[in-house]
Amino acid sequence: MGSGVSFHQHDEDDDFGIEYDGNGQGVIKRIPIEVKPRGKLGLRSVGSFGRKPKGGSLQSALSVDLENPEVEKIRKDFELYKLSVENETASMRKREQKLEIENKRMRAELQALQKTCGKLRSERDIALEAEQQALERAGTFENDRNKVQRQFKIFREAKESEIQNLLKAKRSLENKLTKISHGLLVDDLDSSSRNSIDNLGGSNPGDWWTALESEPSLGSTTQLQGSAVKGPEFAYSNMELDGPFTNVTKDDWTAAAASLAQVIPARLEVCVSKNIRLYVSAPKDVQTEVDILNKEYIPQLSKLVQEVGRVLVVVHISVEDTETIPTSNFDKAIERQVEESTIFLAFLAETTVSFTQVEYQNGYFKNPGSKPAVFCFRESTGRGVKDLHTEAKQLRQQVQQCDNTTVIDGYTTPHKGAEMAFNELLRLIKLELCTEEKTDADSGFADTEGSELCGSGLWDIHGDYEQLEAFQYAVRSSCQMGFEKYYERLNAHVSAAGPLPPLLISGGSGSGRSLLLAKWLELQQEKSGLMGSLVLYHFVDSCHSTSADPIHMIRRLTAQLFQHVTSPPSLTSDPVRLAEEFPRWLEKVSSKIQGGVILVMDSVDRFEQAEVHLKWLLDPLPVESRVIVSVHEDTCPQSWRSWPTVHLEPLSNKNVKEVLRAEATRLGSSLCPDEESRILTHCRTAATCNPLYVMQLIADVASYSSPEDRGKRLDEVLASNNCVELYMNVVESVRQQHESSHFRGVYKKLLRFLYGARNGLSELEIMTFLPDITWAIWASLYCDLVDRYIVTSRSGIIILAHDQVREAIGELYLAGNDDKCLDGVRESMIDYFSQFLRPGLVTCRVADELPWLIKQLTDKPGLQSCIANLCIFQNLYARGRSAELLGYWQFVGVDKVAMAQSYFATTKKMEEMIGQYDGLVTEARIADMYESLGQFLRDLGLLEQAITPLQRSLELRESSLDPDHPSVAQSLHHLAGLHAQWGKYATAEALYKQALEINKNALGPEHYLVAVGLDALAVLYQKQEKHDLAEPLKRRAVAMKRKSRAMRSNAGHLKAADPLQRRAVHVEELAIGADSPDLARTLNEIGVLYYLQNNQDAAESYFKRSLTMRESMLGPNHPELTQSLHNLAGLYMDRKQYSLAEPLYERALQIRMQHYPVEHPSVASVVKHLALLYKKQGQLAKAEPLYKQSVEIREKSFGANHPSVATALVNLAVLYSQQNKHDAALPLYEQAVAIYEDSLGPSHPRVAETLRNLAKLKFDLGDFETAASLYKRATEIKDSELAYSGKVPSSSSSGETVKNELGVKRPYYADNG
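Residues numbered from 1 in each chain as written. Predicted model: local features only at pLDDT ≥ 70, side-chain atom pairs only at ≥ 80, totals over all residues. Heavy atoms only, no water.

**A closer look at helix α53 (residues 1245-1260)**
Where we set the bar: Helix and strand assignments come from DSSP, with helices taken as H or I runs of at least 4 residues and strands as E runs of at least 2, each series counted from the N terminus. Expected span, for any helix, means 1.5 Å times one less than how many residues it has. Exposed residues in this analysis have more than 50% of their type's maximum accessible area, buried residues have under 20%, and partly exposed residues fall in between, with area computed by a 1.4 Å probe over protein chains only.
Between its first and last C-alpha, α53 extends 23 Å over 16 residues, near the 22 Å set by a 1.5 Å rise per residue. Burial of α53 is extensive: 15 of the 16 residues sit out of reach of the surface. Downstream of α53 by a residue or two, G1262 has a phi angle that is positive, lying close to 90°.

In structure tokens form, the structure reads like this:
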């Protein structure tokens, strides 16, 4: 057989397989069949009939296979498949045709949309271009508008003020002319008449006009029957306002206080030192008294002073300590120590020392009364006064001749002298601290921020004292030569219109940037009263001081802005929110104040990350705000250099000469021409022609008296080419002058400690660190250091005066071993301050210094332990130093949540110590601490962590106090605020209402805290869009806050100034003695002052004190006694305590009747007030003879036709009307009308007043037509007066209908009257 390859194959051989498989890859292959050659097979013709071939052909073979049934089945399947494919192909063609049609339609729509889109794009471009043009026009218009508005505002207010002043002056002149034309003196009219003339419709006691003021027409019979007829009364004020408060009312005082609050910042302008310095003068023979005083009594006084956050410093220079110190400037050093003291105490026996005369001269004789002085003279034993030392005898006689000092004379033993001195010191220190009277708690406005658990009270919450001292330190300098041209630039910037970027003051070291700003601020504050501007400032000391904290500065400035907001919110502790909200408050306050806000910030480049914290300076500032900043020319941020800049140039040769001469004159010295010429020749460079260099140079040279020493010293200092080199020379010179064998090295240690501290050191701290320094050594050294501008004192803290001093000390005493030596100094200070980390001992000094010192040593565990102390936390938080606290936690790597957990755990431990630490740890104080922690965490947004301490605070207060105590309401209020911030409005509403109810019941419905609760509840409703509930609460809260705003101002914002007001009394006590008639008069006037301020509790205290003093000094029947009786009775009548006022008035009347005739004004004053008191009590029968007596007194004093007589007649007629004695009242009214018309004119308000009362009387008598006519005339007079004064008259007319008593309406026409 052959193989398959022997067959000839064609392309179509596999067609069957291809068709069967259907995919071009056949699976059926033709089987090769061996075929024999035709000749050999013997094949015949196909057409041969009947014959069968002997062999088989290919076709025959295949035919046999194709007839197989399986093949037939496959063929049928193929046919079916072929048919289905053809059908599917036909349907796809139809679908393709449809899609083509749909595609054509979609393409057409797409082309249409493309055309529309292109059209819209072109329209959009046109609109954007138009919008841009509109914005540019709007910006230009807004700038023009703001400029015009500013100019128009100033113009309008000036003209309105001129018009009002002219109208007031015109009216006053007309009234005076009218009175003079009738033979009256201007002051003849009684006070009630003046008030009714000047204030129509006033709400004074007994003013009948108020009852009917809202209806200018007769109205209805119901109105006439319901309104009681009241007379003008005589008593325009319940006080006898002698002295500076004559004719001043509560309304006058409130209006003046509100006006002043708009332009005067509620902050002190006089520094109150943190220290109370007691200077003790005692020669050697009375040293025993000093030792006993220091050992037994000074600790008690120190504890008393520490309770209010201040420090008692006892200065005593013994003669033994003066033997080893330079004597060249010792008298000056003594003088400075005595002048800086608060109290001067002197012990004297038989002898004196070399400087006793200097102490007495500066402690008392030089300026008597400037400070309390106590002199203790021990009786000599065995010898008389004539045998005393001559100087001691003269001093005794000179002191005893003075009448305004405290002299303790006659004691014989040192213990007795020390005890008597202590008693007097205790009284004086209490007066200085103002701890004898507690009026803040009574007023309900006591500052509860901060707790006494962790130390003394906060003496300076906002840092205003430090800033004020920094300002005054710069102002005291006499170097301001060449500043006039800079003043012009500053004034031009402030007065320019429109929003302006900050003005940049740049200059080098010692160029006088701070001095320029301080001097300009001093001038600006003098003008601010006229311009109405609010001036704020901030001076930065060194880059490590607390004043270099930008967040603390922003918080302090925000607090000052809040003083000009009606309802300011509480200051947040969140640094981010403070920085974000400050520009908005600046804009809000500046838009309210006429002259805008002027903000001056000095040396802000010393801030850490100044550009970050002051980035709001790069944004557009408010239109009414002007910002001025000063920076060093080398450290100025790049983004600030585009601002308008004033660069301080070096002093000219002429200016250097003027500075030299001015400083030499101030120092009591002078330079010879040669010395002056040498200095001027040397001062040619920028480094030597700045104010600091020149002032330092002349101060050092002037300290040498002899020409030879001065010339030699001048050669040495002229070798210095800049301020740092000059300071290095001066510092070394002072060291050489004061360092002795036993004092060696102490001077360097002192300067190292001052260098290493953050805010300097107090004198007591210096003497603790350096026990070798005595008061004698310190007095001499301190005097030289201050005179050479090396150190200065701020609030009793000794600090380095300039950054150049710090750099010079670093070069001299810390170079080479900088880290090791400085770290040792700081470790010593850390050990010292760490001993105060316990309740009752942590002061502001500890909280300021200790964490910072630990941070400088990078002791993270120690720092974390320090700031976790609750006393440190509470002290920093209460003073608004939360940003600093958070910075410490960030430094140790602890997040806010872990910080909250740490504080809560520490507070929990402290709660377990209740009753310990000498009873300082109580439940109430622990509750305060929990509340402070909760508020702190809430401010930071840690609401989940804040709710636990706030809830615990509430639980402790409810358990330790009455559940209805205001402190419980305070906790509820804070919890409600937390829930409101959290969005839990239902819970917050319930807590607010509960707190509000407690405050209403405990404090009264009109208390300020009630207004705060209403305001918070209204805000809560507004957040829920419940405006119908929020609006009435908001209006009521605003009304209550406005009513108590003046009282809040005195009790809250100006609380720090209140001790200075009371010190006026203390100074007078020291000047004229403890009890005297003059002091009693002053006490009475201060009582009147408090009465005008609505502080009735304080007023009552002063009135009682004045009354007691007058009784003891003048006797029970002296005429001056009646003033105190009268004012105390008036206060009780104002409180509606009539039973207390009545005996006082009766006693005052009895005394005055004994000393004055019946017609005397003093008698008339008591008569009218007592009559009014009886009338208010309803004792009309007792009041009637007094009113009759008033008429008789005035007829005798002024004549029968005087307006004062008419006023008395009206009051008597009103009394008769209230007694239904109409027939007796009618002729009195008619007589009064006739007198008023004849003396004051027919259109005077007094005429209208009396006509109204007469109309009411006629109405009661049934004469309705006459009543209507009289009422119409009275209304016309009033309307004309209102129109004259610029007020809008009532819309009611005299043609309104009038109801009769039966309720039937009948028309009433004006022409029928």
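**Description of helix α11 (residues 356-365)**
Note the threshold: Residue contacts are counted whenever heavy atoms from the two residues lie within 4.5 Å of one another.
Burial within α11 is extensive, with eight of its 10 residues counted as buried. Here α11 has its buried residues at T356, V358, E359, Y360, N362, G363, Y364 and F365. If you follow the buried residues of α11, they end up packed against β1 (275-281), α10 (330-339), β3 (343-348), β4 (373-378) and α12 (390-400).

**Details of the side chain of E1100**
Applicable threshold: Here a polar contact means two N or O atoms within 3.5 Å. Within protein one must be a hydrogen donor candidate and the other an acceptor candidate, and residues neighboring in sequence count only if both atoms are side-chain atoms.
You can see E1100 is positioned in helix α46 (residues 1096-1114). Engagement of the side chain of E1100 in a polar contact is seen with the side chain of Y1132, the distance being 3.1 Å. With residues near it in sequence (within four places) discarded, E1100 still touches L1128, L1131, Y1132 and R1135.

**Notes on the environment of E608**
Considering the arrangement of structural elements, one finds E608 in the loop between β8 (597-602) and α20 (610-613). Residue E608 is classed as exposed on the basis of its relative accessible area of 62%. The spacing of E608 and A548 is 60 residues in sequence and 7.5 Å in space, taken between C-alpha atoms.

**Let's talk about unusual backbone geometry**
For T858, which is not glycine, the phi dihedral falls at a positive 55°. Mapping T858 onto the fold places it in the loop between α31 (844-856) and α32 (860-867). You will see that E1025, though not glycine, has its phi angle at about 60°, which is positive. Following the sequence through the fold, E1025 ends up in the loop between α41 (1008-1023) and α42 (1027-1043). For E1025, a relative accessible area of 63% gives the class exposed.

**Examining the packing of helix α34 (residues 882-892) against helix α35 (residues 896-911)**
Helix-helix packing is characterised by the crossing angle of the two axes and by the distance between the axes. Our working definition: What counts as an axis is a line fitted to C-alpha atoms, over the stretch in contact for a helix, and the angles between N-to-C directions run from 0 to 180 degrees. Under this scheme an angle from 65 to 115 degrees is roughly perpendicular, one under 35 degrees roughly parallel, and one over 145 degrees roughly antiparallel; angles in between are oblique. Classes in brief: Ala, Val, Leu, Ile, Met, Phe, Trp, Tyr, Cys and Pro nonpolar; Asp, Glu, Lys and Arg charged; the others, Gly included, polar.
It is the contact of α34 with α35, at a shortest axis distance of 11 Å, that shows an interaxial angle of 105°. Overall, the two elements α34 and α35 adopt an arrangement that is roughly perpendicular. Contacts between α34 and α35 pair L885, L886 and W889 from the former with M899, S902 and Y903 from the latter. For the contact of α34 with α35, the residue count by class is five nonpolar, one polar and no charged.

**Comments concerning the sheet that holds β4**
What counts is decided by this rule: In this scheme, strands are said to pair when DSSP sees at least two bridges between them.
The sheet built from five strands is open, its strands ordered β2-β1-β3-β4-β5 with parallel pairing. Bordering the open sheet on either side are β2 (311-316) and β5 (406-411), each of which pairs with just one other strand. With direction set aside, neighbouring strand axes in the sheet form an average angle of 15°. Packed onto the sheet, α10 meets β1, β2 and β3 and runs at close to 130° relative to β1. Relative to β5, helix α13 (residues 414-433) is tilted by about 165°, and along the sheet it contacts β1, β2, β3, β4 and β5.

**Some thoughts on the sheet that holds strand β12 (residues 791-794)**
Read across the sheet, three strands follow the order β11-β13-β12 without closing on themselves; strand pairing throughout is antiparallel. Edge strands, defined here as strands with exactly one partner in the open sheet, are β11 (761-762) and β12. Pairing of β12 with strand β13 (residues 797-800) involves four bridges; the strand directions are antiparallel. When the bridges of β13 are listed, V791 appears paired with L800.

**Focus on a nonpolar patch on the surface**
Our working definition: Patch definition: residues with relative accessible area over 30% and no salt bridge; like charges joined within 9 Å; nonpolar side chains (Val, Leu, Ile, Met, Phe, Trp, Tyr) joined within 5 Å. The method behind every accessible area is Shrake-Rupley, applied with a 1.4 Å probe, and residues are considered shielded solely by the protein chains displayed. A pair is scored as a salt bridge if a Lys or Arg side-chain nitrogen falls within 4 Å of a carboxyl oxygen belonging to Asp or Glu.
Together, F78, Y81 and V85 make up a nonpolar patch on the protein surface, roughly 270 Å² of accessible area in all. Examined against the element boundaries, F78 turns out to sit in helix α4 (residues 69-181). Taking the relative accessible area as the measure of exposure, F78 reaches 31% and is therefore partly exposed.

**Some remarks on the packing of aromatic side chains**
How two aromatic rings sit relative to each other is given by the distance of their centres and the angle of their planes. Operational definition: We call Phe, Tyr and Trp rings a pair once their centres come within 6.5 Å, taking the six-membered ring for Trp, and we label the pair stacked below 30 degrees between planes, edge-to-face above 60, and tilted otherwise. Placement of a positive charge over a ring is assigned whenever Lys NZ or Arg CZ falls within 6 Å of the ring centre and within 35 degrees of the normal to the ring plane.
Enumeration over the complete set of coordinates arrives at 26 aromatic pairs. Ring geometry for F904 and Y930: centres 5.9 Å apart, planes at 50°, overall tilted. Here F904, found in helix α35, pairs with Y930, found in helix α37 (residues 923-939); they are 26 residues apart in sequence, far enough to count as distant. Residue classification places F904 among the partly exposed residues on the basis of a relative accessible area of 25%. On the basis of relative accessibility, which here comes to 0%, the residue Y930 falls in the buried class. In textbook terms, an aromatic cluster arises when at least three aromatic residues are bridged by ring pairs, as seen for Y279, F344, Y360, Y364, F365, F375 and F377. In this structure, K860 is placed above the aromatic ring of F891, and the distance from its NZ or CZ to the ring centre is 5.5 Å. One cation-aromatic arrangement involves K984 over W982; the distance from NZ or CZ to the ring centre is 4.1 Å.

**So, the packing of helix α25 (residues 723-738) against helix α26 (residues 746-756)**
Between α25 and α26, the least distance of the axes is 9 Å, while the angle of their chain directions is 140°. Considering their axes alone, α25 and α26 lie oblique with respect to each other. On the side of α25, the interface is formed by V731, V734 and R735, while α26 contributes Y747, K748 and L751. Among the residues forming the contact of α25 with α26, the class breakdown is four nonpolar, no polar and two charged.

**What to know about the pattern of salt bridges**
Taken as a whole and assessed by the stated rule, the structure comprises 47 salt bridges. One salt bridge in this structure joins D1015 and K1034, with 2.6 Å as the shortest N-O distance. Residue D1015 is found in helix α41, and its partner K1034 is found in helix α42; the two are separated by 19 residues along the sequence. Ionic contacts of the salt-bridge type, sharing partners, join the residues R758, D848, R879, R881 and E884 into one network.

**Quick word on the confidence of the model for the protein chain**
Convention followed: Known as pLDDT, the predictor's confidence for each residue is given on a scale from 0 to 100.
Taken as a whole, the protein chain shows an average pLDDT of 77; of its residues, 76% reach a score of 70 or greater. Predicted confidence in the protein chain is weakest over helix α6 (residues 209-212), with a mean pLDDT of 25, and strongest over α32, with 93. Counting contacts from residues 243-247, a segment whose pLDDT is below 50, to residues more than four positions away or on other chains yields 12 contacts.

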